[in-house]
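Breakdown of the fold
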Amino acid sequence: MLEELILQANDISINGLKEIIKICDVSLKKLIIFEKDIIGDPLDGFSGELNQLKHLDVEGSAFSASGLAALISIIGPQLQYLKLPYKRDLYEEPILQYPKNQRLKVNIYFRSNGSNNDNANSLSDMFQSLGKHITSLKMPYDCMISEGLEELPVSLCNLEKIYLKHSQITDAALRGLLFISGCGLKYLNLERSLIKGNNLFGLQGKFPNLSKLIASGCQNLSDSGLYALLVMCGPQLEYLDLHDTNISGDDLEKLNLVFPQILELNLGFTKFTDNGLKGLLTASGYKLKRLYLQETEITGKIFIGKTFKLSHLSLAGCKQLTDKGLCNLLEHSGNHLKSLNLSHTNILGEGLAM
């Protein structure tokens, strides 16, 4: 019994698609259509039904609004995952009110189309059409997100992942997007975006389930902006990547942050000082395993009153690091260290006791 069907780069017609659906409607659980010539019309009135379909991916298709609506209408109550392209005409009307299964999860890969204003307005349409079903949102670098999203009568209450890598999003637009996002957000990727973070205050404690925060390469991110991001996080944070930013972290200790589940801190190629490092390590729990500090300003002369179980420690390029500071960091690292990188430092190695 056929359970998975992938249609990509072929000459299948809409009538051919109908025939395929007739053949495997009882057993098919996963359908992927990556074919630009299939728009879905005229599926309406078709008698077949995909009763067991759980996963539908039409991200690479050219489905029209009516074609997509027709396809959705013949899918049974088992549908749980829906991956869609972003085309404005798909969302100008609430065509995806799918009443058969409230567990439906929608993964959106937004593709820019037209002017920035058109894209911003289209995104608002999409949020209002799909709302609670959206679990993942990915935006290309050249796509603008409209400001004022917090004023929309919509909640992305099931959103778990946001990808804004290389995005030109403004601080105000990011705040609006985070404002309408639910507390179940687990993954936030802002890598190499243009954010400063200065307008993100007022969201303290918003995302208690966030486990991964990536802000690497955000050259405009300020220390105060970072603090606003961190206070949004809760005790489930496991991964923090600030690699290649201009953050020093000097006032982190004043925030009284608590991240007992943190496993990895990537602070490489930043302006982190001993004070900033102390602030994050004080906030971190004993589970911390990987600490990357290459090319930072640290000397290592800090005391935090706890010992971790580090497996990886990178201090490469830390020109301010002293032998005494290294001894101190090694004492805090614990007895599980597997990888230690001291390349391009001024360490003499005298007096070290592993």
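Along each chain, numbering runs from 1 in the same order as the chain's sequence is written. For a predicted model such as this one, the threshold for reporting local features is a pLDDT of at least 70, and the threshold for listing and counting side-chain atom pairs is 80 or more; totals across whole chains, interfaces and linings nevertheless cover every residue. Each side-chain value is derived from all of the structure's non-hydrogen atoms; neither hydrogens nor water enter the calculation.

Another aspect to go through is helix H7 (residues 323-333). Buried residues dominate H7, accounting for 8 of its 11 residues. In what follows, residue pairs with any heavy atoms lying within 4.5 Å of each other are defined as contacts. Numbering of helices and strands runs from the N terminus, with a helix taken as a DSSP run of H or I at least four residues long and a strand as a DSSP run of E at least two residues long. Check the buried side of H7 and you find it contacts helix H6 (274-283), strand S13 (312-314) and strand S14 (339-341). Just beyond H7, the residue with positive phi is glycine 334, at close to 90°. Accessible area is worked out with a 1.4 Å probe on protein chains only. A residue is then buried under 20% of its type maximum, exposed over 50%, and partly exposed in between.

This part is about the pairing of strand S1 (residues 4-8). Taking every second residue as pointing to the same face, the buried face of S1 carries Leu5 and Leu7, while none of Glu4, Ile6 and Gln8 on the other face is buried. When DSSP finds two or more bridges between a pair of strands, those strands are recorded as paired. Sheet analysis places S1 next to strand S2 (residues 30-34), joined by 5 bridges and oriented parallel. Looking at S2, one finds that leucine 5 is bridged to leucine 31.

One speaks of a salt bridge when a side-chain nitrogen belonging to Lys or Arg is within 4 Å of a carboxyl oxygen belonging to Asp or Glu. The full count for this structure, using the stated rule, is 5 salt bridges. Across the pair lysine 29 and glutamate 3 runs a salt bridge, and its minimum N-O distance is 4.0 Å. Note that lysine 29 is positioned in the loop between helix H1 (14-24) and S2 and glutamate 3 in the segment before S1, a separation of 26 residues in sequence. Its relative accessible area of 34% is what places lysine 29 among the partly exposed residues. For glutamate 3, a relative accessible area of 42% translates into the label partly exposed. Residue arginine 192 is joined to aspartate 244 by a salt bridge in which the shortest nitrogen-to-oxygen separation is 3.1 Å. With arginine 192 in the loop between strand S8 (187-189) and strand S9 (212-214) and aspartate 244 in the loop between strand S10 (239-241) and strand S11 (264-266), this pair connects stretches of sequence that are 52 residues apart.

Let us look at the packing of aromatic side chains. By convention, a stacked pair of Phe, Tyr or Trp rings (six-membered ring in the case of Trp) has centres within 6.5 Å and planes under 30 degrees apart, an edge-to-face pair has planes over 60 apart, and any other such pair is tilted. According to the stated counting rule, one finds 1 aromatic pair in the structure shown. Seen from their ring centres, tyrosine 163 and tyrosine 187 are 5.0 Å apart, and the 45° between their planes marks the pair as tilted. Within this pair, whereas tyrosine 163 is found in strand S7 (residues 161-163), its partner tyrosine 187 is found in strand S8, the two being separated by 24 residues in sequence. The exposure class assigned to tyrosine 163 is partly exposed, which follows from its relative accessible area of 24%. Residue class for tyrosine 187 comes out buried when judged on its relative accessible area of 16%.

Take the nonpolar core next. Ranked by size, the top nonpolar core spans 96 residues in total, and within it Leu56 and Phe127 carry the most contacts. By residue number, the principal contributor to this core is helix H5 (residues 223-232), which donates 7 residues. With residues up to four places along the chain from it excluded, the contact list for leucine 56 reads Leu31, Leu71, Ile72, Ile75, Leu79, Tyr81, Leu82 and Lys83. Side-chain atoms within 4.5 Å link the members of a nonpolar core, which is a set of buried Ala, Val, Leu, Ile, Met, Phe, Trp, Tyr and Cys residues.

Turning to its location among the elements, serine 314 is positioned in strand S13. Overall, the relative accessible area of 8% leaves serine 314 in the buried class. Think of a polar contact as two N or O atoms within 3.5 Å of one another; within protein, one of them needs to be a possible hydrogen donor and the other a possible acceptor, and neighboring residues in sequence only count if both atoms come from side chains. Within polar-contact distance, the side chain of serine 314 engages the side chain of glutamine 294 at 3.4 Å. Excluding anything up to four places from it in sequence, serine 314 contacts Leu291, Tyr292, Leu293, Gln294 and Asn341.

For the rest of this paragraph, the subject is empty space enclosed by the protein. Buriedness for pockets is judged along seven lines, at least five of which must meet protein on both sides within 12 Å for an open set on the 1 Å grid over protein atoms alone, while cavities are sets there where a 1.4 Å probe fits but cannot get out, and lining residues have an atom within 4 Å of a point. Grid points are joined across faces, edges and corners, and a volume is the space filled by probe spheres set on the points. For the coordinates displayed, the defined rule picks out 1 cavity of 30 Å³ or more. Of the volumes computed, that of the largest cavity is approximately 50 Å³. No other element matches the 3 residues that H7 contributes to the lining of the largest cavity. Asp, Glu, Lys and Arg are counted as charged, while Ala, Val, Leu, Ile, Met, Phe, Trp, Tyr, Cys and Pro are counted as nonpolar; the rest, among them Gly, fall into the polar class. Residue classes in the lining of the largest cavity are distributed as 6 nonpolar, 2 polar and no charged.

So, on to H1. Among the residues of H1, Ile14, Leu17, Lys18, Ile21 and Cys24 are the ones counted as buried. Looking straight down H1, one finds that the buried residues subtend no more than 150° of arc, so they occupy a single side. The elements touched by buried residues of H1 are S1 and S2. The directions from the helix axis to the C-beta atoms form the arc being described.

Read these as layout, nothing more, since geometry by itself doesn't imply function.
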